[in-house]
Structures are given as C-alpha cells and as structure tokens.
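Below are the chains, spelled out letter by letter.
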Amino acid sequence: MTRHLLSAADLSRDDAVLILDTATELARLSDRPIKKLPTLRGRTIVNLFFEDSTRTRSSFEAAAKRLSADVINFSAKGSSVSKGESLKDTALTLEAMGADGVVIRHEASGAPHRLAGWIKGSVVNAGDGTHEHPTQALLDAFTMRRHLGNLDGRRVAIVGDVLHSRVARSNVLLLRTLGADVTVVAPPTLLPVGIDGWSCAYSYDLDAVLPKTDVVMMLRVQRERMNASYFPNAREYSRRYGLDAARMAVLPDHAIVMHPGPMNRGMEIAAEVADSARSVIVEQVTNGVSVRMAVLYLLLGGSESAIGVEPLPDELTETEGGAA
Ligand code: NCD
C-alpha cells in the first residue's frame, strides 16, 4: 500500500479488511452525542472537486471534520484554464498551502494519478472519469459485510451502465480481492470492450441472474457521459434492465438492493424498490462517512505506513469530550 488511494487495485486483502474493520470501530462514534476524534488535529485536507457531487464531497468533508482535520473545499468549477494546466497549477497551490491530503474528483480518468506525482501529500481518488471510485467500493463492501458477514463466495450482481461506471470497476476489483463472485449485467452496448479481461462474469440477462444473487447493485444510466445512443429509449431500457417490484420478488429472501446514487427513479430502479425494506441505499451514505474516516485516518493518521500494519490506538475508542 502506498500513501495514496488511487485504485481499488492498490488494496491487498489485508489492507481492505483493515480499512473495513477500522470503519466498524469508527462507526460506533456516530451513536455518540459528540461525534469527533482529535486524530487529525492540525492536518489539512483539501477537497478538490472538478465534477459535481452531492454525497461524496459532503461525506469526505464530514469524515475529515469528525477527525478534527482542517478542511478546505476548492470549487474547481468554472475554471477557464485547460485541464492539464489547471490541475498542475492547482496542485502547486495546494502544495504551497501545506495540504496533507487531497481528495480529488475529476472528469479525466487518471487525474488523481497525475496529481500524486506532483504533490507530497496523500491523494485520495474520489472518482476519476469512467475509471475508478475506490472509496465507493469500500463503503459498498462495508455495507455488504454488515448485512451478509464475510463476503467470500457471496454473489454480487452489478447492473446497468457498466461502460461509464467507475463505481462498477472499483467494485469488481475490490470484491474480487474480498472473495466475492461478481456478475456485471448490462446490454452489450453498455459493457466495456475489454470486459473479458475483468475478474468477473457478465450477462445480458437480468432475469436469469437475479434468483442467484445475494446483492444487487443498480447503476445510474450516465447520460452526461454518453455521446451516442446506447439503447432505443428509456422505457425499453427500464423494461429489460430496470429493477422493479416484480423482479425484486425473485431475489432470495436475504438479498439486499444497493445503488451508489444519484438514482434515476423509474429508470434503472423503481421508486417502490428504492424505498423498500430490502434497499440499503440510505445506509450506504451513512456508512460512507465511517469508511472515509478510516481511509483518511489510515493514510494520514501519523506513522508513515499506517495502512497494513498498525492496530487501532486507544484514542480511537474515546471521544474528545469524553462522552460515553
Ligand atoms: C457515483 C459517481 O459519481 O461515480 N456516485 C457517487 O459517487 N455516489 C455514481 C454516479 O454518478 O452515477
């Protein structure tokens, strides 16, 4: 494990389990009246978002603040400088401000990787183009573990716009590391060309996959990344690949329904499914804060190679105000 989190592939099984276990400890904080730890006091974390975000950005901000870090939110929207230059200039500015960690979301795949070469602090990829979104995969795995226990041999279906989904790619990588069996399901036009090389199965037939699934993760149809027509129309897409109540009924009783958000209700997921007892979509958001706290803590929390070696210090189990 390096000092950055750029890809889910950077994580060994031990790294991933350490993050998830640390997040479990940290999740206990949210039941307390004072939800803050002093762990990252005096450290500066910059949220550098070049793409829109509701959940991820506020989740990283909440995570950093709960660890007492100073947070700077950079609004990168509206920059007139070309992407490469703008990113490098911004990186140098952040460096000059003494950023210990930079959380970056960028429309260009590979941008976090470039940034990591320019600055001394830790870089966390919060979504780069259609490439990766490793903390989303970690919070998804955390949520699955809470409901299903160990993920070894568990069957996960990831359904929808796999082609444009960094969530799908990071999940396939991480779930494989954690021993789950993943099947991605999509129309042929929405599967990437190199899908044969992914460490998962794939199918065009949602109805055949659902009865054998422990987790079904629906993906948003990402129209903003589409430069062509990938399916005839929304109704047709929904009929073949949408999760409605009838389809949900064929899932095994213990199966859970996930979605990274934002949802297109009525398109890839019916409102009654999103709001059903099987849906853990809101819980995913809650878990995201604990998982991002764990990532920031392990990357920045003190000793050089925090991830992969150290047990949790006692301070993690105590709140600043001493509230029980
Ligand atoms: C996803 C993203 O931005 O990659 N959302 C998220 O981070 N929760 C998925 C999406 O935009 O559909």
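Draft legend 1. Seen up close, the sheet that holds strand 8 (residues 215–218). Ordered in space as 7-6-5-8-9, the five strands form an open sheet in which the pairing is parallel. Only two strands of the sheet have a single partner each, and these edge strands are strand 7 (201–203) and strand 9 (256–258). Within this sheet the neighbouring strands show an average axis-to-axis angle of 20°, counted without direction. When strand 5 (residues 155–159) meets strand 8, the two strands line up parallel, connected through four bridges. For valine 156, the partnering residue across the bridge sits in strand 8 and is valine 215. The sheet strands contacting helix 6 (residues 166–177) are strand 5, strand 6 (181–185) and strand 8, and the helix crosses strand 5 at an angle near 165°.

Draft legend 2. Expanded view of the packing of helix 1 (residues 13–27) against helix 5 (residues 134–148). Viewed as axis vectors pointing N to C, helix 1 and helix 5 meet at an angle of 70°, and their least axial separation amounts to 10 Å. With respect to helix 5, the element helix 1 is oriented roughly perpendicular. Note that helix 1 runs across helix 5; the crossing there is right-handed. On the side of helix 1, the interface is formed by Val17, Ile19, Leu20, Asp21, Ala23, Thr24 and Ala27, while helix 5 contributes Leu138, Ala141, Phe142, Arg145 and Arg146. Residue classes in the contact of helix 1 with helix 5 are distributed as eight nonpolar, one polar and three charged.

Draft legend 3. A look at the site of the ligand. All residues adjacent to the ligand are Arg55, Thr56, Arg105, His133, Gln136, Arg166, Val167, Arg220, Gln222, Pro260, Gly261 and Pro262. Interatomic distance of 2.8 Å between a side-chain N/O atom of histidine 133 and an oxygen atom of the ligand. For the ligand, a nitrogen atom lies 3.4 Å from a polar atom in the side chain of glutamine 136. Notes on the ligand: free accessible area 310 Å², of which the protein chains cover 94%. Residue composition of the shell around the ligand, grouped by class: three nonpolar, five polar and four charged.

Draft legend 4. Broad picture of the pairing of strand 5. With four of its five residues buried, strand 5 lies for the most part within the structure. For strand 5 and strand 6, the ladder comprises five bridges, and the chain directions are parallel. Looking at strand 6, one finds that valine 159 is bridged to valine 185. Remark: the strand 5/helix 6/strand 6 crossover connection has right-handed handedness.

Draft legend 5. Highlighting the pairing of strand 3 (residues 101–106). Across the six residues that make up strand 3, a large majority, six, are buried. Note that strand 1 (residues 44–49) and strand 3 share five bridges and pair parallel. Residue leucine 48 lies in a different strand from strand 3, and its bridge partner there is isoleucine 104. By the bridge criterion, five bridges tie strand 3 to strand 4 (residues 122–128) in an arrangement that is parallel. Looking at strand 4, one finds that valine 102 is bridged to valine 123. As for the winding sense of the linkage, the β-α-β connection from strand 3 through helix 4 (residues 111–118) to strand 4 is right-handed.

Conventions adopted
Along each chain, residue indices are assigned from 1 in the same order as the chain's sequence is written. Totals for whole chains, interfaces and linings use all residues, but because this is a predicted model, local features are given only for residues with pLDDT of at least 70 and pairs of side-chain atoms are given and counted only at 80 or more. Heavy atoms throughout the structure, all of them, feed into the side-chain values; hydrogens and water do not. Here a strand pair is declared whenever DSSP counts at least two bridges between the two strands. Each helix is a run of H or I in the DSSP string that is no shorter than four residues. Each strand is a run of E no shorter than two, and both are numbered from the N terminus. To define axes, lines are fitted to C-alpha atoms, for helices over the stretch in contact only, and angles between the resulting N-to-C directions are given on a 0 to 180 degree scale. Residue contacts are counted whenever heavy atoms from the two residues lie within 4.5 Å of one another. Any angle between 65 and 115 degrees counts as roughly perpendicular, while under 35 counts as roughly parallel, over 145 as roughly antiparallel, and the rest as oblique. Take the far helix as your reference; a near helix turned counterclockwise from it by less than a right angle gives a left-handed crossing, and one turned clockwise gives a right-handed crossing. Each residue is assigned to one of three groups, with Ala, Val, Leu, Ile, Met, Phe, Trp, Tyr, Cys and Pro labelled nonpolar, Asp, Glu, Lys and Arg labelled charged, and all others, Gly among them, labelled polar. Residue proximity to a molecule or strand is established when one non-hydrogen atom of the residue lies within 4 Å of it. Between N or O atoms, a polar contact is any pair within 3.5 Å; within protein, one atom must be a potential hydrogen donor and the other a potential acceptor, and residues adjacent in sequence are included only when both atoms are from side chains. All accessibility values rest on the Shrake-Rupley procedure with a 1.4 Å probe; residue burial counts only the protein chains present in the view. Summary of the burial criterion: residues with accessible area below 20% of their type's maximum are buried, those above 50% are exposed, and those between are partly exposed, where the area comes from a 1.4 Å probe applied to protein chains only. When the strands point away from the viewer and the path from the first strand over the helix to the second turns clockwise, the crossover is right-handed.

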